[in-house]
Structure formats: structure tokens, C-alpha cells
Amino acid sequence: MSARQVGRSIVLQSLYEWDFHDREVEFSHVLERDLQEFAPEFEESDFTRALGAGVMSKIIAIDEVIKKAAPEWPLEQIAIVDRNILRIGLYELLFADRTEIPPRVAINEAIELAKAYGGLNSSKFINGVLGAIYREIGEPDKDEKTKKEIEGGEATDDGDRIISYPVIDEGFNAENTNLPFDETILLEDAKLCEEINQDEHK
């Protein structure tokens, strides 16, 4: 797992808690706590903070895009994990610097998050929604080589999902963090935080 994918996972964890608590917790505080708890010496902490802040700054616009792209799935009925993976993916697809994160890379990274944290059909759902939006905006990087291709790697489209391989930071070992890789753990963390908050207000 690349360092930035770990950063996306931390943002997802923070968005999950923020969403789980009906947006009543301060997202930036949750993100800072998660960075310190799960990856205290993380090299991509600036990227993680920028991504989290970016998603929050565009949250209203992003949610409107989700509603239009998946009208058969009311936003509140989409699983919390899937909903927030879509928010991260859409931010990177629509608002991030495309010289840094090409659109196809943004889609692939969101799919990988869905595989790691979502349910059985999450990756297909994420791919379907982001793929539709990608086509809607004109497939901006369809004919461009990704960074991986330029450096001698391969990037293919297997017809089932969009594949673009971002450069992996070989100097970072995700196993050295305490980052959870299971939605059950995310849910347990959120419940624990809720219990702590209730105790503090007694």
C-alpha cells in the first residue's frame, strides 16, 4: 500500500466518525487525533490534511454530484463507508490537481479503498458512480500516460474497472502503523468515542 493510500485511509476513518456522529464532531480535530494515533510519524501527513480539508471544503457540491449520479440511492441510504469513499474519490476526480492525481488514478485509488473497507459490492458501486462521472466530464486523461507508464510500468484497462497505477512510495511500510483495515473496527472506534463523549458530558 502506498503512503498516500494510507493517508486516504486515515481521511476515510475520520470522515466515517464525523458522519457517524451526524457531523456534530469537529472533523479537523478527529483527523489530527487519527493521524497521531494511527501514523504518528507519517511522511504524508500534509497530503492527508490537505485531502481532508479539501473534501470538507467541497462537501456540499460533492454530495450534490453523488445525488445526481446515483439517483436510485438516496445519500443517507448509501453505506457510511461507501458514501465517504465516494466523497474522497470525487474530490480527487473533480477538484484535485490533475498533474498530481490524474482522474483515472483517483478512481483506482477509490476502488482500492472500497476493496479494503467496503462490502462485497462496494468496489463495483464506487467504480460505477465514479466511472459515470468520469465519462460525463469527458474522460480527461483517457489518452494520457500515467506516471507509472512514464517510468516504465504498465497501466491497463481490463474492461471491468479502470486501472492506473500510481507511483508507490517504497520507503513507507504501512505495517508499521496502527491503522485499522476493517469496517468493524471503524464502527467500534466510533462507538467508543461516542461513549467517551457521553461520559465527559455527565
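Note that the coordinates shown come from a computational prediction; the quantities given were computed from them, not determined experimentally.

Caption draft 1: The arrangement of the pattern of salt bridges in detail. According to the stated counting rule, one finds 14 salt bridges in the structure shown. Notably, a salt bridge pairs Arg4 with Glu44, separated by 3.6 Å at the nearest N-O pair. Highlighted residues: Arg4 in helix 1 (residues 3-20) and Glu44 in the loop between helix 2 (27-38) and helix 3 (45-57), separated in sequence by 40 residues. Residues Arg33 and Glu17 are paired through a salt bridge, measuring 2.5 Å at the closest nitrogen-oxygen approach. Of this pair, Arg33 sits in helix 2 while Glu17 is found in helix 1, placing the two residues 16 residues apart along the sequence. Taking the relative accessible area as the measure of exposure, Arg33 reaches 32% and is therefore partly exposed.

Caption draft 2: Seen up close, the environment of Ile85. Within the secondary structure layout, Ile85 lies in helix 5 (residues 80-94). Between the C-alpha atoms of Ile85 and Leu15, which are 70 residues apart in sequence, the distance is 9.0 Å. Discounting chain neighbours no more than four positions away, the residues touching Ile85 are Leu12, Ala110, Leu113, Ala114 and Ile126.

Caption draft 3: Representation of the packing of helix 1 against helix 6 (residues 103-117). Orientation of helix 1 relative to helix 6, taken along the N-to-C sense of each, is 60 degrees, at an axis distance of 11 Å. By the angle class used here, helix 1 and helix 6 are oblique. The way helix 1 lies across helix 6 gives a crossing that is right-handed. Two secondary-structure elements touch here, helix 1 through Gln5, Arg8, Ser9 and Leu12 and helix 6 through Glu109, Glu112, Leu113 and Tyr117. Within the contact of helix 1 with helix 6, the residues separate by chemical class into 3 nonpolar, 2 polar and 3 charged.

Caption draft 4: A look at the packing of aromatic side chains. The tally for this structure, following the rule as stated, stands at 3 aromatic pairs. Between Trp73 and Phe125 the ring centres are 5.9 Å apart and the planes differ by 65 degrees, which places this aromatic pair in the edge-to-face class. Placement of the pair is Trp73 in the loop between helix 4 (59-69) and helix 5 and Phe125 in helix 7 (residues 122-136), with a sequence separation of 52 residues. A relative accessible area of 42% means that Trp73 is categorised as partly exposed.

Caption draft 5: Structural view of the packing of helix 1 against helix 5. At a closest axis distance of 9 Å, the pairing of helix 1 and helix 5 adopts a crossing angle of 125 degrees. Classified by the interaxial angle, the pair formed by helix 1 and helix 5 is oblique. Classified by chirality, the crossing of helix 5 by helix 1 is right-handed. Listed contacts from helix 5 to Arg8, Val11, Leu12, Leu15, Tyr16, Trp18, Asp19 and Phe20 of helix 1 are Ile80, Val81, Arg83, Asn84, Ile85, Arg87, Ile88 and Glu92.

Caption draft 6: Looking closely at unusual backbone geometry. In this structure, Asp22 is a non-glycine residue whose phi angle is positive, near 55 degrees. Examined against the element boundaries, Asp22 turns out to sit in the loop between helix 1 and helix 2.

Caption draft 7: Quick look at the nonpolar core. Formed by 47 residues in total, the largest nonpolar core has its most connected members in Ile85, Ile88 and Ile126. For this core, the secondary structure elements donating two or more residues are helix 1, helix 2, helix 3, helix 4, helix 5, helix 6 and helix 7.

Caption draft 8: The arrangement of helix 1 in detail. Across its 18 residues, helix 1 extends 26 Å between first and last C-alpha, which sits within 8% of the 26 Å expected from 1.5 Å per residue. Of all 18 residues that make up helix 1, 16 are buried, and the element is covered over most of its length. Phi turns positive one or two residues past the end of helix 1, at Asp22, with a value near 55 degrees.

What counts as what
Residues numbered from 1 in each chain as written. Predicted model: local features only at pLDDT ≥ 70, side-chain atom pairs only at ≥ 80, totals over all residues. Heavy atoms only, no water. Salt bridge = Lys/Arg side-chain N within 4 Å of Asp/Glu carboxyl O. Helix = DSSP H or I, 4+ residues; strand = E, 2+ residues; numbered from the N terminus. Buried < 20%, exposed > 50% of the residue type's maximum accessible area, 1.4 Å probe, protein only. Contact = heavy atoms within 4.5 Å. Axes fitted to C-alpha atoms, helices over the stretch in contact; angles between N-to-C directions. Parallel < 35°, antiparallel > 145°, perpendicular 65-115°, else oblique. Left-handed = near helix turned anticlockwise from the far one by under 90°. Nonpolar A, V, L, I, M, F, W, Y, C, P; charged D, E, K, R; others polar. Phe/Tyr/Trp six-rings, centres within 6.5 Å; stacked < 30°, edge-to-face > 60°. Core = buried A, V, L, I, M, F, W, Y, C linked by side-chain atoms within 4.5 Å. Expected span 1.5 Å × (residues − 1).

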